[in-house]
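# Geometric and topological summary
Residue-level listing of the chains:
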Amino acid sequence: MTVKKHHDPFLKIAAEFLALVIALGICAIFMQHKISALLNMTMEQNVARQTASMAVLAESQFRQELMVLHNSMKFLETHPGAEDEMIAGLAQARGGAAVGILAVDGTPAYGAPLPASKFRRLPHAVLGHDVVDYAEGQGLLFAIPLRSGDNVRGVLWRLYNGEQAVQLFNLAEYHADRKFLLVSHDGQVIIPYRNYDEEDEAFFADPSVTAAYEKIRDGLASAPAAAFYTESRKGRVFLFGADLPETNCTLIGFVPWEAVAGGIARIYTLVLRSGALLLLLIALTSVYLFIVQAKAEESDALRREKEFSDRASQAKSAFLANMSHEIRTPINAILGMNEMILREVERPSIREYAQSISRAGESLLSIINDILDFSKIESGKLEIFESEYQLSRLLKNVVAMIQPKADAKGLEFHIHIDEDLPDALLGDMMRVQQVVINILTNAVKYTPDGEVNFFVMNEKREENRIYLSFVVNDTGIGIKEEDQKKLFRDFERLDQEKNRNIEGTGLGLAITSMLLDLMGGTISLKSIYGEGSTFTIIVPQTIMEDSPIGNLTERMSEASVHAEQYVPSFTAPDASILVVDDNEMNLLVVKGLLKQTKIHIDTCMSGPECLERLAERGYDLILLDHMMPNMDGVETLHRAENLPNAKDTPFIMLTANAISGAKDAFLKEGFAAYISKPIDSVLLEATLVKYLPTDKIRPGPADEETTEPTAAGSEADDAEKQDTGDLDIEQGMKYNGGMEDMYKVVLGMFIKLRPDKQKQMKEHLDAEDWKNYATMLHALKSTSMTIGGQKCSDAAKELELAGKKCFAEDATEDEKQEAAWFIRSHHERTMALYDKLAQDAERWLNKNDGS
Amino acid sequence: MKKWFQEVPTWGRWTLALLSGLLVFGMLAMVFGFDAGDDRRTEKVGFIILGGIDEPGWNESHYEGIKSACETLGVALLVREHVAEGTGAVNEAIRSLADEGAGMIFLCSYGYPEEARETVAAYPGIAFATHAPSPDVPNITSCFPRMFQGRYLAGALAGLRTKTNVIGYVAAMPNAQMNRNLNAFALGALRANPNARIVVAWTGAWEDAEKEKENVLQLVHRSGADIITYQQDDQAVPDACETLGIDFISVNTRLANYPHHLASITCRWDIYYRHILQRYLKGELNAIRNRWIGIDEGAIHLADVSERIGLDAGYAVAGLRRDLEGFHPIFRGPIRDTRGLLRVGAGEVLHDDALLSRMDWYVEGVEFLDR
């Protein structure tokens, strides 16, 4: 599966990060601006408040001056006519300021003259109000009304020119870093600060400063004081102003930004720095989150892909399981029949053919098993079933399996088995054997010439546990170093080009490795490309009995490599069993496999039939097929359990359904054991030995009877040839592998099936269903031939050909009619031959049944 | 952390994203909305008035004035109208305005300050102002428009204009304010025309159309007045004058479209209120007890002067107006009262304080219509 292509995650993260940094940066600039504006605003307010209090100070100085005048007025009230004296006193007290009294019409009455019209606020004094007024070129005037009862009779005033005012009302002393000026509402400087020079004048004339003062003026319309931040020729400054109430004077000035900010400036810096730090932190956190998110997305994608592939894998496993079942059923028949050929035929050429079939079949079966195992392992359904077994038997099986292969390739196969190994072990023999065979098979497969060495050793022992070490060393093609890792993967086959003609599924090592995992074992590999490989398998097994295995190597090499003539492991002539299967061939196979055990075998082809039989009599054991129409094996078992004859009878399941877990399921249903198809004769016999009553079993083959079939066959051949009519016994026996019993069974079936078959043929003929007719005649042709009915076979063949012509696409209408006519005119004759053959067979059977 | 994040289901991640979005939005809102933190709250000014703010004349002109001033200065205006005098309603109005956060309250009826004395004292944090004389409480200031300056000019105009030398004056009832207006008018008329007579007809009510009309008839027919002015809250007098075909000088109402209208004595209430509000905003409103707002602040005008008065009279009045800003006060001596008592001596000027509350006399030359 290809992984969906993503954009480079780094680029994505970088882009996201960049976008974030830009966004944060903009935010930061805005924030900085805001903070700075806010700070200045706060300081402006602060300065304004301070200015207001300075204005109060200035005002109080003015009040003080007015108070002096009021006191003088009181003096006048008590001392009428002392005006000149008082005026002189007032003038002296303040360094030569002008003092005088005005009449209510503004003309001087006493003291110094005063250009009264220059002071716009002065007339208010006549109405009874205190006046502080500044006139350009004149100076700062203080005036109070002189009262006479409810009336005002004059105005007492004192005037300070510019210089005198500066000296008397300088406010600068209160704040060293602030510069204060007193100006009139129209902007004339009344009292400048000390050292006020051209530069200061220029500063206040500066457009930015003037503009700021415009704003301050506006602000003063509705506030006691105002301040404004600006950048001028004197640097960053706050300009401020406050009107003095009831005068035309305004206190203005400026103060450097630093003087106001002071510690705040440091707080400002601190805020900026911590803000920057915070932004950095956010940025870093974001990067982290981006990365995490990218990973999460990736793992999401992977998970989805995995889900997808899991589903696909499950479908695949199901398909494989299904397919393997479908394939196993026919292989069962092939191998079963072949086994019988091997047992009963002596002619070497036929045996050789049968052995080839056997090898090919087993090879096919092993592939199927591989696939099945793999699907089981993949779906986690494969289990390890531990039972007691003999290591020697395992090794014998292995060697029996590998030796012929090695021989066939002309390889030397050396076996070295540690004599001290314990023989009786507990473990899953089948799986260990499978693993070892897998490795050895590979070694043989990939070794073109040279030798294969097989070592079985004791890796280590822990109390009752032994770590068996199987080492397989070959002089084969070896494995490249870069390929060694791939070796244990599914379907992986190395050097595809080179190894194209080597058979196999490519699953072998994957299964081996997975099986070893399940059993707690390990597999390791050392290989030099072109020189050979060494596989080492280590499997822990439990020791049941500490008796050593002995010199097995020798024993095995003594054994004949040639296929042994089958010898049954036991006989049980008194035992009787029932075999139930809906497939005739399977019944034949079982009967054939157990023939030499002399067990009495009854067969039936369905669940209900089986129940009928059991109602009549009991059996020592019942072999029951699983998948049968109408009533399957499990249901049959459940019904049979209620019958008195079958209460204690062991039922053994025969099934092609080899998917994982099936065994457990069957045992749970009440089956005593389980034999999977294709039936392994050894396993079948072993199972029977285990479940048949012990008193009915006799060990070893029945010596005196082994040769009987052959003898009987030849006798029959000689004695009854002339009496058999159309039936050629010799040919029939030949077709049935020389087994007379088998032949008889086949004959019996032939006879039994005849009426039905004939009826069906007639039906097809009447219906002009040529296709089915031809098929049935084809079957008749074959079966007649198998039992030795050449005449009938030939006649059937003619009809089959004619039948085929009737529905052949390339046949003309004339040809078809001619063929149909041929069939109609010859059908009865053929049927007569069929009848005769059946009668002859029956006759022969009746004659030979007794013998 | 990483594992935790990966275990968060898709909807959870969306929720997280949403929350982060909200958080970011909140932060941005906080940053950009920081101006909301400005502690400069909007000032609120309360305004209590006797009549309805949409009643033409006194009520409407005051309301329009303070409204305009508030708008100019960016101050919120809270109004309590139809607040009757002598019922304690003004105290209730003050309390409700205080509850609403008014920083300054203007009491816009002559009787309010005395009636609300206790309540005003109970709110020392609120600055009070009124156009009427105020009790001796620190947080209330009387702000007097020098309406009498307008009266003075109107008097001069009437003195110059009269043919019969009799000028009628319809007046509600005597009080310091009424008297100073009347006296200023008389001084203006007499200084312009020493032969003039000012005949006053009292109505005894601030609004009494019938009585005012009656007074006008009396002044014209019995006294022979050919110019009438008045101090009433309504417009019954000009209406009556128009009916009779008599020239009149209106007060606080612009009646330039009346054929017999000579001039209007007006107070620019917007300037008056702006002056007061500025003093309040600058924190100096209550710094002095009495505040005068007059012709030099631009608050008082003799407006809509009819072209019929002629150039000479026009120049004369303009000259008087200019003099008022200099050393030519209205109440300069010598001034005698109706009984011949010298109230202001030569070379003296009547003090503003005396104008305020102690004016219980009438300038020589003022007559009263017999009843």
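What follows deals with the overall build of chain B. Across its full length, chain B holds 13 helices and 16 strands. Here chain B, with 371 residues, has 46% of them falling under the buried criterion. Contacts in chain B between residues far apart in sequence, at least 24 positions, make up 68% of those at least 6 positions apart.

Helices and strands together make up the secondary structure of chain A, namely 25 helices and 24 strands. Counting over 851 residues, chain A shows a buried share of 35%. Counting contacts in chain A only where the partners sit at least 6 residues apart, residues at least 24 apart contribute 66% of the total.

In this section: the sheet that holds strand S16 (residues 366-368) of chain B. Strand pairs in the sheet, formed through backbone hydrogen bonds, run parallel or antiparallel to each other. Residues and elements named next belong to chain B. The strand order across the open sheet built from seven strands is S12-S10-S9-S8-S6-S7-S16, with neighbouring strands paired in mixed fashion. In this open sheet, the two strands that pair with only one neighbour each are strand S12 (300-303) and S16. Strand-to-strand twist across the sheet, computed as the mean angle between neighbouring axes with direction ignored, equals 20 degrees. Summarising the sheet, strand S8 (residues 227-231) and strand S9 (residues 247-251) pair through three bridges and their orientation is parallel. By the bridge assignment for S9, Ile-228 is matched with Phe-248. Most of the contacts of helix H10 (residues 236-244) go to S9, to which it runs at about 165 degrees, and overall it touches strand S6 (166-171), S8 and S9.

Once that is clear, we can look at the interface of chain B and chain A. Where the parts come together, the accessible area they lose is often given as the size of the interface. Each partner contributes residues to the interface: chain B has 29 residues there, and chain A has 31 residues. Only helix H1 (2-7), helix H2 (10-32), helix H11 (269-281), strand S15 (349-350) and helix H13 (352-357) of chain B provide two or more residues apiece to the side of chain B that touches chain A. As judged from the two bridges shared by strand S5 (residues 151-160) of chain A and S15 of chain B, these two strands associate in the antiparallel manner. Bridge pairing in S15 of chain B links Val-152 of chain A to Val-349 of chain B.

Bringing helix H9 (residues 209-223) of chain B into the picture now. All names here are of chain B. Relative to the 21 Å expected for 15 residues at 1.5 Å per residue, H9 spans 20 Å between its end C-alpha atoms, a close match to the ideal helical length. Buried within H9 are the following residues: Glu-212, Asn-215, Val-216, Leu-219 and Val-220. Buried positions in H9, seen along its axis, are confined to an arc of 125 degrees and lie on one side of it. For H9, the exposed residues lying more than 90 degrees away from the buried face are Glu-210 and His-221. Buried residues belonging to H9 abut S6, strand S7 (197-202), S8 and H10. One or two positions beyond H9, positive phi appears at Gly-224, with a value near 80 degrees.

Turning next to the environment of Leu-518 of chain A. Residues and elements named next belong to chain A. You can see Leu-518 is positioned in helix H13 (residues 508-519). On the neighbour-count criterion, Leu-518 (14 C-beta atoms within 10 Å) is partly exposed. When the C-alpha positions of Leu-518 and Ile-384 are compared, they lie 7.2 Å apart, and in sequence the two are 134 residues distant. Those residues in contact with Leu-518 that sit more than four places away from it in its chain are Leu-382 and Ile-384.

To continue, consider the packing of helix H7 (residues 147-161) of chain B against helix H12 (residues 310-324) of chain B. Residues and elements named next belong to chain B. One way to put it is that H7 packs onto H12 with a least axis distance of 10 Å and a crossing angle of 155 degrees. By the criterion of interaxial angle, the relationship of H7 to H12 is roughly antiparallel. In this structure, H7 meets H12 at a crossing whose hand is right-handed. For the pair H7 and H12, contact is made by Gln-149, Leu-153, Ala-156, Leu-157, Leu-160 and Arg-161 and by Ala-313, Ala-316, Val-317, Leu-320, Arg-321 and Leu-324, respectively. Of the residues in the contact of H7 with H12, the class split is nine nonpolar, one polar and two charged.

The residue after Gly-333 of chain B, namely Pro-334 of chain B, is reached through a cis peptide bond having omega 0 degrees. Secondary-structure assignment places Pro-334 of chain B in the loop between H12 and strand S13 (335-336). With a phi angle near 50 degrees, Glu-463 of chain A is a residue other than glycine that sits in the positive phi range. As for its placement among the helices and strands, Glu-463 of chain A is situated in the loop between strand S14 (451-462) and strand S15 (465-474). At Lys-598 of chain A, a residue that is not glycine, the phi angle is positive and equals roughly 65 degrees. The class for Lys-598 of chain A is partly exposed, based on 18 C-beta atoms found within 10 Å.

Positionally, Phe-385 of chain A belongs in the loop between helix H9 (348-378) and strand S11 (387-390). Along the backbone, Phe-385 of chain A and Gly-427 of chain A are 42 residues apart, and their C-alpha atoms lie at a distance of 7.1 Å.

Residues and elements named next belong to chain A. Taken together, five strands build an open sheet; the order of strands is S20-S19-S21-S22-S23 and the sheet is parallel. Two strands lie at the open edges of the sheet, namely strand S20 (600-604) and strand S23 (673-676), each paired on one side alone. Recorded for the sheet is a direction-independent mean angle of 20 degrees between the axes of neighbouring strands. As paired strands, strand S19 (residues 576-580) and S20 are joined by five bridges and run parallel to one another. Bridge pairing in S20 links Val-579 to Thr-603. Along the sheet face, helix H15 (residues 584-594) touches S19, S20 and strand S21 (621-625) and points at about 175 degrees away from the line of S20. Along the sheet, helix H16 (residues 607-616) contacts S19 and S20; its crossing angle with S20, the most-contacted strand, is approximately 135 degrees.

Residue and element names in this part refer to chain B. In terms of burial, S9 is largely enclosed, as five of its five residues are buried. Side chains Asp-247, Ile-249 and Val-251 project from S9 onto one buried face, and the interleaved Phe-248 and Ser-250 project onto a second face that is buried too. After leaving S8, the chain enters H10 and then returns to the sheet as S9, a path that is right-handed.

Here we come to the nonpolar core. One finds Phe-238 and Leu-239 of chain A together with Tyr-169 and Ile-228 of chain B to be the most contacted residues of the largest nonpolar core, which totals 178 residues. When residues of this core are assigned to their parent elements, the largest contribution, ten residues, is made by helix H1 (residues 9-78) of chain A. In contact with Ile-228 of chain B, not counting residues within four places along its chain, are Gly-168, Val-170, Val-216, Leu-219, Val-237, Cys-241, Ile-246 and Phe-248 of chain B. Ranked by size, the runner-up nonpolar core spans 46 residues in total, among them Leu-372, Leu-391, Val-435 and Leu-507 of chain A.

Before going further, it helps to examine the packing of H16 of chain A against helix H17 (residues 633-640) of chain A. All names here are of chain A. Their axes nearest at 9 Å, the elements H16 and H17 cross at an angle of 25 degrees. Taken together, H16 and H17 sit at an angle that is classed as roughly parallel. Where H16 crosses over H17, the two elements pack in a sense that is right-handed. On the side of H16, the interface is formed by Gly-607, Cys-610, Leu-611 and Leu-614, while H17 contributes Glu-635, Thr-636, Arg-639 and Ala-640. Taken together, the residues that form the contact of H16 with H17 break down as four nonpolar, two polar and two charged.

Our focus in this paragraph is the environment of Glu-258 of chain A. Residue and element names in this part refer to chain A. Within the secondary structure, Glu-258 is located in helix H7 (residues 257-261). Overall, the presence of 12 C-beta atoms within 10 Å leaves Glu-258 in the exposed class. Spatially, the C-alpha atoms of Glu-258 and Phe-238 are 9.7 Å apart, while their sequence positions differ by 20 residues.

When the pLDDT values of chain B are averaged, the result is 87; 93% of them are 70 or greater. Confidence metrics for the complex model read pTM 0.53 and ipTM 0.82.

Between the first and last C-alpha of helix H8 (residues 176-192) of chain B there are 24 Å, a value that for 17 residues agrees with the 24 Å anticipated at 1.5 Å per step. In terms of burial, H8 of chain B is a largely internal element, 14 of the 17 residues being buried.

In this section: the confidence of the model for chain A. Do not read the fine detail of predicted coordinates wherever pLDDT is low. Residue and element names in this part refer to chain A. Mean pLDDT over chain A stands at 79; residues scoring 70 or higher make up 89%. The low-confidence segment residues 558-564 (pLDDT under 50) makes five contacts with residues lying over four places distant or belonging to another chain. Across residues 703-722, where pLDDT falls below 50, the model places 20 contacts with residues more than four positions away in sequence or in other chains.

About the cut-offs
Residues numbered from 1 in each chain as written. Chains lettered and ligands numbered in written order. Predicted model: local features only at pLDDT ≥ 70, side-chain atom pairs only at ≥ 80, totals over all residues. Helix = DSSP H or I, 4+ residues; strand = E, 2+ residues; numbered from the N terminus. Buried ≥ 20, exposed ≤ 12 C-beta atoms within 10 Å, placed from the backbone. Contact = placed C-beta atoms within 7 Å. Pairing = 2+ DSSP bridges. Axes fitted to C-alpha atoms, helices over the stretch in contact; angles between N-to-C directions. Expected span 1.5 Å × (residues − 1). Arc of directions from axis to C-beta. Parallel < 35°, antiparallel > 145°, perpendicular 65-115°, else oblique. Left-handed = near helix turned anticlockwise from the far one by under 90°. Nonpolar A, V, L, I, M, F, W, Y, C, P; charged D, E, K, R; others polar. Right-handed = clockwise from strand over helix to strand, strands pointing away. Core = buried A, V, L, I, M, F, W, Y, C linked by C-beta atoms within 7 Å. pLDDT = per-residue confidence, 0-100.

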